[in-house]
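Listed below are the residues making up each chain.
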Amino acid sequence: MSAKNLDRKNRFRSKTVAFRVSPEEWEQFEIAVRLSGLTKQDYLIKRISDREIVVQGNPRVYKALRDELANVLQKLQGIENTPVDDELLATINLITTTVSGLKEDIV
């Protein structure tokens, strides 16, 4: 039998949460989780608990930042005179916030 899934306060996590999102919402969620360096579960729990998400710089976070910046650059190069969509702006904001926080840790 597998080990019990306990949180940091030694409480048994026995409840399952599921809900539907659009593909665009899912992509925004995936980006936020990758850039946070947290698991999806930990990210959601912190967000619904209104706790601050502190990104710890590690190779996985830096790779996610590099990949997301490449995706943003590719999308921006494809735009000429059309307005930037809200999802792209949200991604740029998230990247900016993450990089600013990481920069403060380095200095």
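Residues numbered from 1 in each chain as written. Predicted model: local features only at pLDDT ≥ 70, side-chain atom pairs only at ≥ 80, totals over all residues. Heavy atoms only, no water.

Caption draft 1: Examining the overall build of the protein chain more closely. What the protein chain contains, in helices and strands, is 4 helices and 0 strands. Scanning the protein chain from its N terminus toward the C terminus, one meets helices and strands in the order α-α-α-α. Compactness check: the protein chain gives a C-alpha radius of gyration of 17 Å against a globular reference of 13 Å for 107 residues, more than 25% above the reference. In terms of principal-axis extent, the alpha carbons of the protein chain reach across some 55 × 40 × 25 Å. Counting every position in the protein chain, which comprises 107 residues, the buried fraction comes to 21%. Carbon and sulfur atoms form 54% of the exposed surface of the protein chain, whose accessible area is close to 8,800 Å². (Helix = DSSP H or I, 4+ residues; strand = E, 2+ residues; numbered from the N terminus. Rg over C-alpha atoms; globule rule 2.2 N^0.38 Å. Buried < 20%, exposed > 50% of the residue type's maximum accessible area, 1.4 Å probe, protein only. Areas by Shrake-Rupley, 256 points an atom, 1.4 Å probe, with all protein chains shown as cover.)

Caption draft 2: Layout of a nonpolar patch on the surface. A surface patch of nonpolar side chains, about 500 Å² in accessible area, is lined by Val17, Phe19, Val21, Trp26 and Leu44. Residue position: Val17 is located in the segment before helix H1 (23-36). (Patch = residues over 30% accessible without salt bridge, like charges linked within 9 Å, V, L, I, M, F, W, Y side chains within 5 Å. Salt bridge = Lys/Arg side-chain N within 4 Å of Asp/Glu carboxyl O.)

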